[in-house]
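Chains, contacts and geometry: an overview
For reference, the chains in residue letters:
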Amino acid sequence: MMKQNLSPSEFKRDIQIYFTIIAMTGLILGIHHLHLGTWGIALIVLIAVSEATILGYFFMHLMTKKKTIHLVLLLTLVVFLTLLFWPAWDVAYSPRTPSEFTTY
Amino acid sequence: MLRKIHDSDLVPYKVIPREDTGLYNAKFGIWLFLASEIMLFGSLFSAYILLRVGSFSWPVQSEYLNVPIGALNSVILLSSSIFFIRAWVALKADDIVKYKKFMWLVIIFAILFLCFKGVEYYQHFSHHEFPKTSVFLALYFLLTGLHALHIIGGIAVNIYYAGPGMYLRAENKQWFINRVEVAGLYWHFVDVVWIFLFSTLYLF
């Protein structure tokens, strides 16, 4: 059975996590304004992934969940990454003329 | 002597965890649902990445979109997530007044999020920027529109659990607590999706 209440330390931890994620969002905005190019994009993605991980780990209680959930998520991640990089590989290595590129 | 058949006899593990998964049915179900949601949003993110990589040129997205409103919406949605946790904790502690207070805060913040999104959409439409205008705007409206639909769905569920759905608490308290927990998992997931939408659409 679930425990019936959060301890004050857990409540304090949740508040700290909340402000950490807010601060990370601020950091993302700061990096965006620095115009770091490709490095900036990489940093923004890295911080966004960290934010999502922290949120999932603590707010969605992934740190205490059963193996079943981790397996479901792992399988989802593997399928998603496969589907993402398979066509990306094709896009990157197929010879194309400029007219074949998508126009925005 | 015949025993009266209760609903709980027909649907096992709706309150207690199953032995094989270690989870009660609803929690296992919501995680499977969230996995399918990851695939849904993931496929659209993949489309965005592939179209962008495959394009000859691409607009500076932050010049098209309202970054301050996007950032404000991030704070609003993150705040609603922490309110949801407070509501769930209050419910477990039998503090119904606090539970309702925090649930309505979640709902109000979600509506606030939609209002700001509406302002953004209005700005785009008034500048004659529609999904048909460009590939980027088509992806922007698709991704944020789908996310907004998820927010609307979440609001409906949260209103139900803050109001009429509370009848269940009188029948089976633990069952109701579990339902709210499951709704909370969905809500946090919607928050996670927004983190990626804000980072990839507004700032690149």
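The structure we're discussing is the one just above.
Report follows, based on the coordinates. Computed from a predicted structure; not experimentally measured. (Residues numbered from 1 in each chain as written. Chains lettered and ligands numbered in written order. Predicted model: local features only at pLDDT ≥ 70, side-chain atom pairs only at ≥ 80, totals over all residues. Heavy atoms only, no water.)

Description of the overall build of chain A
The helix and strand inventory of chain A stands at 3 helices and 0 strands. When burial is assessed residue by residue, chain A has 32% of its 104 residues classed as buried. A fraction of 42% describes how many contacts in chain A between residues 6 or more apart in sequence connect residues 24 or more apart. Entry remark: accessible area of chain A is about 6,900 Å², with carbon and sulfur atoms responsible for 73%. (Helix = DSSP H or I, 4+ residues; strand = E, 2+ residues; numbered from the N terminus. Buried < 20%, exposed > 50% of the residue type's maximum accessible area, 1.4 Å probe, protein only. Contact = heavy atoms within 4.5 Å. Areas by Shrake-Rupley, 256 points an atom, 1.4 Å probe, with all protein chains shown as cover.)

Comments concerning the environment of Leu62(A)
Relative to the helices and strands, Leu62(A) resides in the loop between α2 (38–59) and α3 (67–93). Each C-alpha atom of the pair Leu62(A) and Gly37(A) lies 34 Å from the other, and the pair is 25 residues apart in sequence. Other than its neighbours up to four places away in sequence, Leu62(A) contacts Gly56(A), Tyr57(A), Ile69(A), His70(A), Leu73(A) and Trp31(B).

Focus on the nonpolar core
One finds Tyr99(B), Tyr140(B) and Leu201(B) to be the most contacted residues of the largest nonpolar core, which totals 84 residues. Breaking this core down by element, the ones donating at least two residues are α1 (8–34) and α2 of chain A together with α2 (25–53), α4 (67–92), α5 (96–126), α6 (135–162) and α8 (173–202) of chain B. Top element by residues in this core is α8(B). It accounts for 19 residues. Setting aside residues no more than four positions away along its own chain, Tyr99(B) makes contact with Ala87(B), Ala90(B), Leu91(B), Tyr161(B), Ala162(B), Met166(B), Phe176(B) and Val180(B). (Core = buried A, V, L, I, M, F, W, Y, C linked by side-chain atoms within 4.5 Å.)

Some thoughts on the packing of aromatic side chains
Residues and elements named next belong to chain B. Per the counting criterion, the structure on display carries 23 aromatic pairs over all chains. Ring geometry for phenylalanine 113 and tryptophan 194: centres 5.0 Å apart, planes at 90°, overall edge-to-face. One end of the pair, phenylalanine 113, is in helix α5; the other, tryptophan 194, is in helix α8, and 81 residues separate them in sequence. On the basis of relative accessible area, tryptophan 194 is assigned to the buried category, the value being 1%. Lying across the ring of phenylalanine 102, lysine 101 places its NZ or CZ 5.1 Å from the centre. Taking NZ or CZ as reference, arginine 179 lies 4.9 Å from the ring centre of tryptophan 175, over its face. (Phe/Tyr/Trp six-rings, centres within 6.5 Å; stacked < 30°, edge-to-face > 60°. Lys NZ or Arg CZ within 6 Å of the ring centre and 35° of its normal.)

Structural notes on α2(A)
Residues separated by three or four positions in an α-helix point in the same direction, a consequence of the helix having 3.6 residues per turn. All names here are of chain A. Helix length check: α2, at 22 residues, gives a terminal C-alpha distance of 31 Å against a target of 32 Å (1.5 Å per residue), a fit within 8%. Considered for burial, the residues of α2 that qualify are Gly40, Ile44, Ile47, Ala48, Glu51, Ala52, Leu55, Gly56 and Phe59. Where α2 terminates, the next one or two residues include histidine 61, which has phi positive at roughly 55°. (Expected span 1.5 Å × (residues − 1).)

Some points on the interface of chain A and chain B
Each partner contributes residues to the interface: chain A has 48 residues there, and chain B has 60 residues. Taken together, the two surfaces of chain A and chain B that pack against each other cover about 4,700 Å², and 79% of this comes from carbon and sulfur. Taken together, chain A and chain B are joined by 0 salt bridges. Listing elements by their share of the side of chain A that touches chain B, those giving two or more residues are α1, α2 and α3 of chain A. With 12 residues, the top contributor of residues to the side of chain A that touches chain B is α3(A). (Buried area = accessible area lost by both parts, 1.4 Å probe. Salt bridge = Lys/Arg side-chain N within 4 Å of Asp/Glu carboxyl O.)

Things to note about empty space enclosed by the protein
Tallied over the entire structure, the rule returns 2 cavities of 30 Å³ or more. Of the voids in this model, the largest cavity is the one considered here, and its volume is about 70 Å³. No other element matches α8(B), which puts 4 residues into the lining of the largest cavity. The computed volume of the second largest cavity comes to approximately 40 Å³. If you go around the second largest cavity, the residues you meet are Thr25(A), Ile28(A), Glu51(A), Ser74(B), Leu78(B), Trp194(B), Ile195(B), Phe198(B) and Ser199(B). Of all the elements in the fold, those that place two or more residues in the lining of the second largest cavity are α1 of chain A together with α4 and α8 of chain B. With 4 residues, α8(B) is the single largest residue contributor to the lining of the second largest cavity. (1 Å grid on protein atoms, 1.4 Å probe; cavity = no way out; pocket = protein on both sides within 12 Å on 5 of 7 lines; lining within 4 Å. Points joined across faces, edges and corners; volume = space filled by probe spheres on them.)

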